Every structure is written in C-alpha cells, then in structure tokens.
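Chain by chain, the residues:
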Amino acid sequence: HLMARWPDRFITASFGGSGVREEDAALAAQAAERDPKGHDPQQEAGQAHLRERADRDGDALKAVQDGRVARPSTAPPLDLASINFPIQAINGEFDAPIAKTQRLAREARDFTAVILPGRGHNTVTTWPFTPPQYVAEIASFVRAHDPR
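Note that the coordinates shown come from a computational prediction; the quantities given were computed from them, not determined experimentally. (Residues numbered from 1 in each chain as written. Predicted model: local features only at pLDDT ≥ 70, side-chain atom pairs only at ≥ 80, totals over all residues. Heavy atoms only, no water.)

1. Examining the packing of helix α2 (residues 25-34) against helix α5 (residues 97-107)
- Where α2 meets α5, the axes come as close as 8 Å, and the angle between the chain directions of the two elements is 125°. Relative to α5, the element α2 is oriented oblique. Along this stretch, α2 crosses α5, giving a crossing that reads as right-handed. Here α2 contributes L27, A28, A31, A32 and R34 to the contact with α5, which in turn contributes I98, A99, Q102 and R106.
- Each residue belonging to the contact of α2 with α5 can be placed in one class, and the counts come to 6 nonpolar, 1 polar and 2 charged. (Axes fitted to C-alpha atoms, helices over the stretch in contact; angles between N-to-C directions. Helix = DSSP H or I, 4+ residues; strand = E, 2+ residues; numbered from the N terminus. Parallel < 35°, antiparallel > 145°, perpendicular 65-115°, else oblique. Left-handed = near helix turned anticlockwise from the far one by under 90°. Contact = heavy atoms within 4.5 Å. Nonpolar A, V, L, I, M, F, W, Y, C, P; charged D, E, K, R; others polar.)

2. Some remarks on the confidence of the model for the protein
- For the protein, the average pLDDT comes to 81, and 75% of its residues sit at 70 or higher.
- Helix α3 (residues 41-54) is the least confidently modelled element of the protein, averaging 54 in pLDDT, while strand β3 (residues 111-116) averages 96, the highest of any element. (pLDDT = per-residue confidence, 0-100.)

3. Let's talk about the pattern of salt bridges
- Following the criterion strictly, the structure yields 5 salt bridges and no others.
- Here K100 makes a salt bridge to D95, at a shortest N to O gap of 2.8 Å.
- Judged by relative accessible area, which is 8%, D95 ranks as buried.
- Between R103 and E107 there is a salt bridge, with the nearest N and O atoms lying 3.1 Å from each other. Pair noted here: R103 and E107 are both in helix α5, with a separation of 4 residues, about one helical turn.
- Look at R103 and you get buried, because its relative accessible area is 5%.
- Residues participating in the shared-partner salt-bridge network are E22, E23, R103, R106 and E107. (Salt bridge = Lys/Arg side-chain N within 4 Å of Asp/Glu carboxyl O. Buried < 20%, exposed > 50% of the residue type's maximum accessible area, 1.4 Å probe, protein only.)

4. Looking at the pairing of β3
- Pairing geometry for strand β2 (residues 87-92) and β3, over 6 bridges, is parallel. In the strand pairing of β3, I90 is matched with V114.
- This β-α-β element, β2 to α5 to β3, shows right-handed connectivity. (Pairing = 2+ DSSP bridges. Right-handed = clockwise from strand over helix to strand, strands pointing away.)

5. Notes on the sheet that holds strand β1 (residues 13-16)
- With respect to topology, 3 strands assemble into an open sheet ordered β1-β2-β3, the strand pairing being parallel. With one partner strand each, in any of the chains shown, β1 and β3 form the two edges of the open sheet. Each adjacent strand pair in this sheet contributes to an overall mean axis angle of 15°, direction not counted.
- Relative to β2, β1 runs parallel, the two being bridged by 4 bridges. Paired with G16 across the bridge in β2 is I90.
- Relative to β2, α5 is tilted by about 170°, and along the sheet it contacts β1, β2 and β3.
- Where helix α7 (residues 132-144) meets the sheet, it contacts β1, β2 and β3, and its direction lies at approximately 175° from that of β2.

6. Considerations on the packing of aromatic side chains
- For the structure shown, the criterion picks out 1 aromatic pair.
- Ring plane angle 10° and centroid distance 5.1 Å describe the contact between F10 and F85, whose orientation is recorded as stacked. Within this pair, whereas F10 is found in the loop between α1 (2-5) and β1, its partner F85 is found in the loop between α4 (58-66) and β2, the two being separated by 75 residues in sequence.
- A relative accessible area of 3% means that F85 is categorised as buried. (Phe/Tyr/Trp six-rings, centres within 6.5 Å; stacked < 30°, edge-to-face > 60°.)

This is the structure in structure tokens:
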C-alpha cells in the first residue's frame, strides 16, 4: 500500500519472502496449484516454533493452523498498475512463490520474481539461514536501478 499511495518516495521496491496477496479467490487457488511442492526442514522447524509460541494464544494458533494471518482489511483497493518503478520479489521455492507474486506479475509495470531453489521462507529471510544469493539479488537489483 505504501508503494501505491506514495510512489514518489520510491526508486525501487524489493519484497523478501513475500509479495502482494491475490484478491480473486479463483486466481489465488490456481496460483497455489502452480507453486512448487517440497520439503524444507528449516522451514518446518520454524513453523513448529511458531506453533509452540501460538499455544499461548488460541487465536494465533488458529491463524497458524489455517495458514493465514488474521487481520481486518480496511485499506482501499491496491492499484498496482499505478506503480511506475521497478519491483522485485525474492521467495524460496517452498514458500508459495507463485501465489505471493502472481498479482504483481500480472498488474505491475516492471516486476521481477526471483525464486531461490530448495528454500522456504525461514531459509530465505532469516539469519543465519539467508543464502548469499538473496543478498546478491537485492544488491544487483538496487545497483541496476540506482539513478546515479
């Protein structure tokens, strides 16, 4: 929402382990079907840790079990086509990379998706598991679009 509301404050934007949620349920389901299926032991360990923490809070546990984050949506519709600067998303292969970026790919003017093989969310964005390729991709993207 920041990108669409204040585009003059951005040169580029890079999503790490995320993207923009698909609002159309049918398109979201299609994207989820196209996402790679696989096994990331570090990802599963991180999810187990989240479940342990969520045991202290029944609502949070329900959100983890359902694979969602409970939050009300009060923001106006997001117009990705209005964003005129380059956007990048870096996701792990086992982190629903297509579902997270399908809408960006379809609507944003200048979008690049990077999928790191054999990785999930926790092994992409969490130190000490962050691979050198993650840092290199962000640095290369920023350098390529540096106005100086």
